[in-house]
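Residues per chain, in single letters:
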Amino acid sequence: MTHLSVNLNKIGLLRNSRGRDYPNMVSMAKRTLDLGAFGITIHPRPDQRHATYQDCHDLKNLLKHYPNAELNIEGFPDDAFLNVVLEVQPHQCTLVPDDPNQLTSDHGWNLSRDQDALRPVINKLKAQGIRVVLFMDPDADNMAMAKEIGADRVELYTEAYANAYDTDALPELLAQYHGAAQAALDAGLEVNAGHDLDLQNVEALCETGLIKEVSIGHALTIEALDLGWDNVVKAYLEKLG
Ligand code: PXP
């Protein structure tokens with residue numbers, strides 16, 4: 001079984017495109033958790049163009065009513081982000097090496113270069129009881145270092161897998177991702193995955209049981225235009241066991 005954490009950034013984007021609080025992030029989170037999703041993810045970027053720092057607080061308040069569900073806040077660990085995460089104390093914080101103007105996350109950490117900057121950040125978050133995840137490319141060789149600098153989990157960046165789905169490259173990519181996941185498990189980490197996962201491709205990635213949690217937002221929101229939010233969340237839950 002793989003946990004589903006629904007990324008609500010696109011709900012934030014829709015809301016922010018007009019001045020009103022519509023759609024309301026907390027209502028959508030509540031509806032999603034009531035359908036049985038394990039968690040909610042948001043990725044506040046410095047310009048807060050999708051999820052905002054206030055959303056982090058509002059969702060944490062909601063999650064108090066769902067003792068078995070988790071809030072995952074992801075983002076680049078600048079001062080503003082870290083202040084919010086330390087205040088809100090989500091269950092999980094996923095650190096992502098994206099720069100402020102990036103359209104979306106498009107690479108994992110380079111730990112050889114960034115390990116000295118990451119160690120104190122990881123220590124600070126863990127000292128508050130927050131599980132720390134590092135967003136990583138699917139490279140088996142880097143998993144031991146992620147463990148060594150203090151991460152609890154890695155999140156495998158799955159765009160390359162999603163692009164290979166439905167092509168001849170799929171077996172090779174699946175082997176690469178499963179190899180990276182196994183290396184992470186062997187190093188003592190747990191494994192999340194995310195980016196460009198959808199109703200078509202999520203099952204093959206997760207059926208080995210190596211992936212603990214997926215976070216899915218963009219495709220899920222688009223699929224919901226077609227099928228309806230509730231149907232789509234339920235379809236993911238069925239596929240993830
Ligand atoms: N993981 C990270 C680090 C992300 O930045 C995102 C997108 O915000 C996701 C997972 C989810 O990707 P998608 O929106 O394509 O499902």
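Residues numbered from 1 in each chain as written. Predicted model: local features only at pLDDT ≥ 70, side-chain atom pairs only at ≥ 80, totals over all residues. Heavy atoms only, no water.

Asks: Give a description of the site of the ligand that names residues and reports values.
Replies: Neighbouring the ligand are 14 residues, the closest being Ser105, Glu155, Asp196, Gly217 and His218. Take Asn7: an N or O atom from its side chain is 3.4 Å from an oxygen atom of the ligand. Between the ligand and Asp196, the relevant distance is 2.8 Å, taken from an oxygen atom to a main-chain nitrogen or oxygen of the residue. In isolation the ligand has 400 Å² of accessible area, and contact with the protein removes 95% of it. Residue composition of the shell around the ligand, grouped by class: three nonpolar, eight polar and three charged. (Near = heavy atom within 4 Å. Polar contact = N/O pair within 3.5 Å; in protein donor to acceptor, adjacent residues only side chain to side chain. Areas by Shrake-Rupley, 256 points an atom, 1.4 Å probe, with all protein chains shown as cover. Nonpolar A, V, L, I, M, F, W, Y, C, P; charged D, E, K, R; others polar.)

Asks: Could you give an account of the pattern of salt bridges, naming the residues involved and the relevant values?
Replies: Using the criterion set out here, one finds 13 salt bridges in the structure. Across the salt bridge formed by Glu148 and Arg119, the nearest N and O atoms sit 3.1 Å from each other. Taken together, the residues Glu148 in helix 6 (residues 143-148) and Arg119 in helix 5 (residues 111-127) connect sequence positions 29 residues apart. A relative accessible area of 26% places Arg119 in the partly exposed class. When the shortest N-O distance is used, the salt bridge between Glu190 and Lys212 registers 3.4 Å. Residue Glu190 is located in strand 7 (residues 190-194), and its partner Lys212 is located in the loop between helix 9 (202-206) and strand 8 (213-216); the two are separated by 22 residues in the primary sequence. Among the charged side chains, a salt-bridge network with shared partners connects Arg153, Glu190, Lys212 and Glu213. (Salt bridge = Lys/Arg side-chain N within 4 Å of Asp/Glu carboxyl O. Helix = DSSP H or I, 4+ residues; strand = E, 2+ residues; numbered from the N terminus. Buried < 20%, exposed > 50% of the residue type's maximum accessible area, 1.4 Å probe, protein only.)

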